[in-house]
2 protein chains.
Amino acid sequence: MGTTQLDTAQEPKYWHLKTVLSDALDSEFAVGEILPNERELAARFGVARATLRQALEQLELEGRLQRRRGVGTTVAPPRMGVPVDRTGHSWPGAPGDAWQPVDAATVDGGSVPAAVAEALGAGAGDTVHVVRRTRVDQGQPVAAELLYVPAGSVPGVTDATTGAVARARAVLRELQRLDLDGEERAVELGSARAEDAKQLDRLPGAPVLVVTTRYVTGGRITAVAVSTYRADTCRLTFGDHDNLAALAG
Amino acid sequence: MGTTQLDTAQEPKYWHLKTVLSDALDSEFAVGEILPNERELAARFGVARATLRQALEQLELEGRLQRRRGVGTTVAPPRMGVPVDRTGHSWPGAPGDAWQPVDAATVDGGSVPAAVAEALGAGAGDTVHVVRRTRVDQGQPVAAELLYVPAGSVPGVTDATTGAVARARAVLRELQRLDLDGEERAVELGSARAEDAKQLDRLPGAPVLVVTTRYVTGGRITAVAVSTYRADTCRLTFGDHDNLAALAG
DNA sequence: TAGTGGTCTAGACCACTCA
DNA sequence: GAGTGGTCTAGACCACTAC
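Quick caveat: nothing in here was measured; it's all calculated off a predicted structure. (Residues numbered from 1 in each chain as written. Chains lettered and ligands numbered in written order. Predicted model: local features only at pLDDT ≥ 70, side-chain atom pairs only at ≥ 80, totals over all residues. Heavy atoms only, no water.)

A. Representation of the overall build of chain A in the model. For chain A, the count of helices and strands is eight helices and ten strands. Residue pairs in contact within chain A that sit at least 24 positions apart in sequence constitute 63% of those at least 6 positions apart. Surface summary for chain A: the accessible area is close to 12000 Å², and the carbon and sulfur share equals 51%. (Helix = DSSP H or I, 4+ residues; strand = E, 2+ residues; numbered from the N terminus. Contact = heavy atoms within 4.5 Å. Areas by Shrake-Rupley, 256 points an atom, 1.4 Å probe, with all protein chains shown as cover.)

Next comes the structure, spelled out in structure tokens:
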């Protein structure tokens, strides 16, 4: 038939909408610019608000948009590259470490996540230090972390140390005395738990990239870090920065 | 007051639902088991179907559930660990490469994604081979990939080679002749484009982990791979498997 | 053909931000 | 207090799977 763009029919509305909006973002909007509100956009495209929201959610998932309740929807800047190796996940507390300790607690091995307990070989009856840290890049929070360290790995840390941050620093100081043999990492998709969400300035359930790092010293896993990165604003980068630097130089 | 569980109030219903369902999955369901259908679950919890779906979507995002249209919702197995370094992203085509070529095309440099073109230093007028590959682990597709190779990197590949797969193999064969100096990788969240979705047996828009690999040989970036992993079923693992192997042995 | 999840609607109210 | 995005409802119809 003579109709030029009829194939659109078999495509869900929100998917087509997403494409249209995406193109509009490229051509008609600048980074940081505020979009019309959802009710107006929905009316403009002749769809229900829920359908429009489905398209916006996809675009936010892809890092193209940023939505804030009570404020509006803005065009997001390109994702920032966040190194997740040497500087990003060096031996915790080492110079150049991008993380700041914010809290600490000492708990029983039975109350840490099962996957962590298994990696550490810790169970009920064992003592584990839990250090909460935060990572800020370019002025905005990009990650929240829980660092699990069995008491056996850092014998110098005693109950005498008072104050959460002081305790955290004591654990990190002790960790630095050990020789790091290697790290093993895994990345998977998750949704922010309430506490992490608050730290990341997002709503609970927001999509996050969960990086699990196992630190190996002396042939044993001496610490496990579970780092929760904002998936909307972060692009995690790995390895071989030396070669890339050589390219630039 | 005397009410025991009133704090629930300030929490969104779907969030609370998700918690309840998550606990139920742990205690009352086996992997692969089929859940009651959405209409029944919604009725059972006294919420609208859309609200229930919001909870199910979160659980699917976290890899706890698997939903298939026309079939039902099943309990997902734990995510599989997928190596994304030596075996997973070694020099394309090398022995032990986990990827299978499925298609190939030769396009103009102006029609590849901007980010890829920039990394390759290619633009309109240049010729770029695009090889589509697929990665299957444990019997199911885990990733789809587009491998971009400038014609200048593989001068041995000519138009004479006919057939998409044959062309793909030719490009990979040529690549192996070069010495790989290093790789630089980035991981970010994305949503599956239509073509990738089909290859991954998912619906368009499904959440995926996009791994961008830049291959460096002779101080130049000679190829760029954009690999799209199913975020629901995959946990990407990185580095230091030697140390881990030492642990096990 | 029956049953499933996927899409879509037209409303309502709530939580939050900011002037 | 006005305006925003976030949550929730009670329906309807569609696309797909499997029998």
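B. How the structure looks around the protein's contact with DNA strand D. With respect to spatial proximity, 27 residues lie near DNA strand D, and among them Arg49(A), Arg53(A), Lys13(B), Ala48(B) and Thr51(B) are the closest. Counting only the atoms of DNA strand D that lie within 4 Å of the protein, the sugar and phosphate share comes to 66%. One nitrogen or oxygen atom from the side chain of Arg49(A) is found 2.8 Å from a base nitrogen belonging to DNA strand D. Between a phosphate oxygen of DNA strand D and a side-chain N or O atom of Thr73(A), the distance comes to 3.1 Å. (Near = heavy atom within 4 Å. Polar contact = N/O pair within 3.5 Å; in protein donor to acceptor, adjacent residues only side chain to side chain.)

C. Spatial organisation of helix 6 (residues 164-176) of chain A. Helix length check: helix 6 of chain A (13 residues) gives 19 Å between terminal C-alpha atoms against 18 Å at 1.5 Å per residue, within 8%. Where helix 6 of chain A is concerned, the buried positions are Arg167(A), Ala168(A), Ala170(A), Val171(A), Leu172(A), Glu174(A) and Leu175(A). (Expected span 1.5 Å × (residues − 1). Buried < 20%, exposed > 50% of the residue type's maximum accessible area, 1.4 Å probe, protein only.)

D. Representation of the packing of aromatic side chains in the model. In total, this model carries three aromatic pairs over all chains according to the counting rule given. Considering the side-chain rings of Phe238(A) and Phe238(B), the 4.1 Å spacing of their centres and the 0° angle between planes classify their relative orientation as stacked. Of the two residues, Phe238(A) sits in strand 10 (residues 234-238) while Phe238(B) sits in strand 10 (residues 234-238), which places them in two different chains. By relative accessible area, which is 7% here, Phe238(B) ends up buried. The positively charged end of Lys18(A) is found above the aromatic ring belonging to Trp15(A), 4.2 Å away from the centroid. (Phe/Tyr/Trp six-rings, centres within 6.5 Å; stacked < 30°, edge-to-face > 60°. Lys NZ or Arg CZ within 6 Å of the ring centre and 35° of its normal.)

E. Just the relation of the copies chain B and chain A, in detail. For the match of chain B to chain A, the screw axis carries a shift of 0.0 Å, the RMSD comes to 0.0 Å, and the turn is 180°. Between the two chains, the operation in question is that of a two-fold axis. An overlap of 100% is found between the interface residues of chain B and their copies at the interface of chain A, pointing to a shared contact surface. (Least-squares fit on C-alpha atoms with pLDDT ≥ 70 in both.)

F. Geometry of the protein's contact with DNA strand C. By nearness alone, 27 residues border DNA strand C, and Lys13(A), Ala48(A), Thr51(A), Asn37(B) and Arg49(B) come closest of all. For DNA strand C, a base nitrogen lies 3.5 Å from a polar atom in the side chain of Arg49(A). At a separation of 3.1 Å, a base oxygen of DNA strand C approaches a polar backbone atom of Gly70(B). Here the element with the most residues in the surface near DNA strand C is helix 3 (residues 49-61) of chain A; it accounts for four residues.

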